[in-house]
Every structure is written in structure tokens, then in C-alpha cells.
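Coordinates in review
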Amino acid sequence: MTVRQGPRKPRKPRHGGVFCCLSVRGHLWTSSDIWGALGGTCSCPRLRCPQTKLTATEVRNAKPRSKTYRLFDGEGMYLEVTPRGGTYWRLKYRFGGKEKRLALGAYPAVSLAKARKKKAEARELLHGGIDPAVDRAAQASEDQADADTFERIAREWFEKNEPRWVPSHSSKIIRRLEANVLPWIGREQINTLTAAAVLATLRRIDSRGRVETAHRTMQNCSQIFRYAVATGRAERDPTQDLRGALPPTKQSHFASVREPKEFAALLRAIDGFTGTFTVKTALQLAPLVFVRPGELRGARWAEIDLDTAEWRIPAERMNKRDPHVVPLSEQAIAILRELEPLTGRGELVFPGVRDRKKSISEN
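Overview of the structure. (Residues numbered from 1 in each chain as written. Predicted model: local features only at pLDDT ≥ 70, side-chain atom pairs only at ≥ 80, totals over all residues. Heavy atoms only, no water.)

**Let's talk about the packing of helix 11 (residues 277-289) against helix 14 (residues 330-343)**
Between helix 11 and helix 14, the shortest axis-to-axis distance is 10 Å and the interhelical angle comes to 160°. Taken together, the axis directions place helix 11 and helix 14 in an arrangement best described as roughly antiparallel. In this structure, the crossing between helix 11 and helix 14 has a hand that is left-handed. Contacts from Phe277, Thr278, Thr281, Gln284, Leu285 and Leu288 in helix 11 reach Gln331, Ala332, Ile335, Leu336, Glu338, Leu339, Leu342 and Thr343 in helix 14. For the contact of helix 11 with helix 14, a count of residues per class yields eight nonpolar, five polar and one charged. (Axes fitted to C-alpha atoms, helices over the stretch in contact; angles between N-to-C directions. Helix = DSSP H or I, 4+ residues; strand = E, 2+ residues; numbered from the N terminus. Parallel < 35°, antiparallel > 145°, perpendicular 65-115°, else oblique. Left-handed = near helix turned anticlockwise from the far one by under 90°. Contact = heavy atoms within 4.5 Å. Nonpolar A, V, L, I, M, F, W, Y, C, P; charged D, E, K, R; others polar.)

Laid out in C-alpha cells, this is it:
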């Protein structure tokens, strides 16, 4: 409500026959303050009558002035235009005997039609005895609570990191979370989760004999908690209190040759292999290329260029983002050229005996 101090004489009524300004006990009240009570048609040249509806053109043409001014649309709603060019929808209303204002959004993000719709919703709440400002605050609190659940933040963390992971790695992480974590603590507020609650979830995995999976899951949970801390939605990472709470994983090493004499014996054993020619060739090639057994068994002729002496393993077979280039020695090229007449017409370099579309067995 706009109040001007100092006694002034009441102004004469203008064309509509209703006072545009009214002096009460020494204070001058503008028509924007009293028009709702008086009603009628106003022709005041300085003030816009609150009973006159705005048009989209008037809203669009509202320009900044030296001082903040308002364009009224009726029923307490108005457009506030600031000197810096900000245009904001406001709703003035009374609740509990007090005058209040409700922000309806900024123009042009919120159009005139949308602002009127928001005004209608607010007035409907008022008719039901509900303060629109209090209702909005409660709704915002509920939305914030929903946004801060462990599942919501976990999926947000996953979406931000997925682009830098290979598909096989990202699929393992999301399956691990969906199967072992989210059903139990996904709906909990992340800032209220305790180390005990996380440990109870991890022990369900450990009880199935999946100790390594439990450790990997705890590592993923820790990453999610740290992301929540970085984004201001959690105070700390409770998994830091779980060190030693899970049984250690059992270290198992694959058989390996470490001594030169043992390596010589291995090479002699490969040369003396009496199985199929395809398998013997794979064994002979293995110590010359130093790739994993699965990558060797799945080799395709399309990946190998004998003229440039290169074997380009695609990224998807390496679980990486870039292809892996393996240089081929003269011995390796000689072995492959000897094998080419036998399997070169097919896709696989080392096809199986029973099914040429499948590679040789990992055994």
C-alpha cells in the first residue's frame, strides 16, 4: 500500500465520478490501494486502475524507468518493472489480517497467461483458508527432501560419470547399485544415512559369499557420498567409518612363469603340443603379442593387417575407449600366414572345431 505523508486536500472527482485519490486523516491513498473497495471506472492519467486488465502488448512494451513502477492486472496481481529492466509478476493479498505478497515468476519466462493461472491457483488456496506462501514453502520442502534421497543423488552421480566410462563398466556399476543398494537405502535422505545403515546393506552382499562385490559396492557408495558432500547435500562420507568392517578379499594370483629356465620349458612344451593346429598356433602366438587370453581367442582377420604388421583390437573388445594396437613381429606374421589358408576365409582367426562361428574354448 502506497502512503504519502503530509496533509493534502482531497482532489476533485474526474470523468468517472469516482475519486482517483483520497485523503484520510492527513494521508493520501492512491487509487491502486482503494480501487478494489470503490469499484467503477477510473480515468486517472497517472495511475493504472487495478480493475483494468493488462494486455500482452502492454506487458511486452513495459520499459524500465528511473524508478520501479507497477502495471496492475486486477485481483491483486501486477507486473513490477525495475530500473534495471527486471519484470516480475507479484500477487498482493491479505491473510490473517496481514498484507502479503507472492512472487509469481519473472517475465518473459512466465507469460501473462501463466501468471494469471498461478494467481487463480493462489486465490483458490485463499478461499480454502490456506496461505499460498506457506503452501509453496511446504511444497518446496517436500521437493527438496525428494531430491536429496540416496537414490536420486546416486543416479545423478552415475549420469555425470557415465560418459567417461566404457559401456561394460557403467552397466556393472548401475546393476550393482540397483540389485544390492537402492532397494534398501535408496529412499533414505542421504544426509541422515549412518555408517550402520550402509554396513547392514553391505553385509547382505557378504552373506551370499560375494566379498569382493561387497567391497566394490562400498567403494561406489563412498563415491556417491563424496559427490553429495561436494554438491552441498551431505556433511560427510559415512563409509569412512567402515574400514575393517568387512572381511578382506582373498588374493588369488594366476599361474605365472617367473624364471628363465621355466619359460624355456614352456616354449618347448608349446612346440611339442599335439592338439589341433589352430590351438597350437594360438599357443605359439601368445608369448609374441602379450594380450589377454580372451582377446587372443576372439581375434578377427579383419583386425589384422599383415602388410603393415599391425593388429588393431577394437575398443569394445578391450573394455576401453580407444582401440589397442599390437605390433606384430616377423615371427608372429609367419605364424599367421601359415594359419591363413586354414581359417582365413572365415571371420575368426582361431575358430572352434565344432562351430566355426565360435572361437576356441578358453580351456
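Next, the rest of the story.
**Some details on the packing of aromatic side chains**
One pass over the structure, following the stated rule, counts five aromatic pairs. Ring centres of phenylalanine 150 and phenylalanine 225 lie 5.5 Å apart, and the angle between their planes is 55°; on these two criteria the pair is classed as tilted. Taken together, the residues phenylalanine 150 in helix 5 (residues 150-161) and phenylalanine 225 in helix 9 (residues 211-230) connect sequence positions 75 residues apart. Of the two residues examined, phenylalanine 150 and phenylalanine 225, each falls in the buried class. Among the aromatic side chains, those forming a connected cluster through ring pairs are Trp157, Phe158 and Trp165. The ring of tyrosine 69 has arginine 65 lying over it, and the distance from NZ or CZ to the ring centre is 3.7 Å. (Phe/Tyr/Trp six-rings, centres within 6.5 Å; stacked < 30°, edge-to-face > 60°. Buried < 20%, exposed > 50% of the residue type's maximum accessible area, 1.4 Å probe, protein only. Lys NZ or Arg CZ within 6 Å of the ring centre and 35° of its normal.)

**Some remarks on the side chain of aspartate 131**
Within the secondary structure, aspartate 131 is located in the loop between helix 3 (112-127) and helix 4 (132-147). A distance of 2.5 Å separates polar atoms of two side chains, one belonging to aspartate 131 and the other to lysine 100. At a separation of 3.1 Å, a polar atom in the side chain of aspartate 131 contacts the main-chain amide nitrogen of alanine 133. (Polar contact = N/O pair within 3.5 Å; in protein donor to acceptor, adjacent residues only side chain to side chain.)

**A few points about a positive patch on the surface**
Together, Lys114, Lys117, Lys118 and Arg136 line one region of the surface with positive charge. Ranked by residue count, the leading element in the positive patch is helix 3, at three residues. Among the secondary structure elements, lysine 114 is positioned in helix 3. By relative accessible area, lysine 114 is classed as partly exposed at 49%. (Patch = residues over 30% accessible without salt bridge, like charges linked within 9 Å, V, L, I, M, F, W, Y side chains within 5 Å. Areas by Shrake-Rupley, 256 points an atom, 1.4 Å probe, with all protein chains shown as cover. Salt bridge = Lys/Arg side-chain N within 4 Å of Asp/Glu carboxyl O. Lys, Arg positive; Asp, Glu negative; His and termini not counted. Charge placed at Lys NZ, Arg CZ, Asp CG, Glu CD.)

**Quick notes on the pattern of salt bridges**
Here the structure, examined in full by the defined rule, presents 15 salt bridges. Measuring nitrogen to oxygen at the nearest pair gives 3.0 Å for the salt bridge that ties glutamate 75 to lysine 119. Here lysine 119 lies in helix 3 and glutamate 75 lies in the loop between strand 4 (69-74) and strand 5 (77-81), a separation of 44 residues in the sequence. By relative accessible area, which is 5% here, lysine 119 ends up buried. For the salt bridge of aspartate 241 with arginine 236, the shortest nitrogen-to-oxygen distance reads 3.0 Å. Classification of aspartate 241 as partly exposed rests on a relative accessible area of 47%. On the basis of relative accessible area, arginine 236 is assigned to the partly exposed category, the value being 45%. Connected via shared salt-bridge partners are Glu75, Lys119 and Arg123.

**Quick look at the sheet that holds strand 6 (residues 87-95)**
Taken together, four strands build an open sheet; the order of strands is 4-5-6-7 and the sheet is antiparallel. Strands with a single pairing partner mark the edges of an open sheet, and in this sheet they are strand 4 and strand 7 (98-106). Pairwise comparison of adjacent strand axes, ignoring direction, gives a mean angle of 30° for this sheet. Inspection of the sheet shows strand 5 paired to strand 6 by five bridges, in the antiparallel sense. (Pairing = 2+ DSSP bridges.)

The quantities given are spatial measurements derived from coordinates; they are silent on function.
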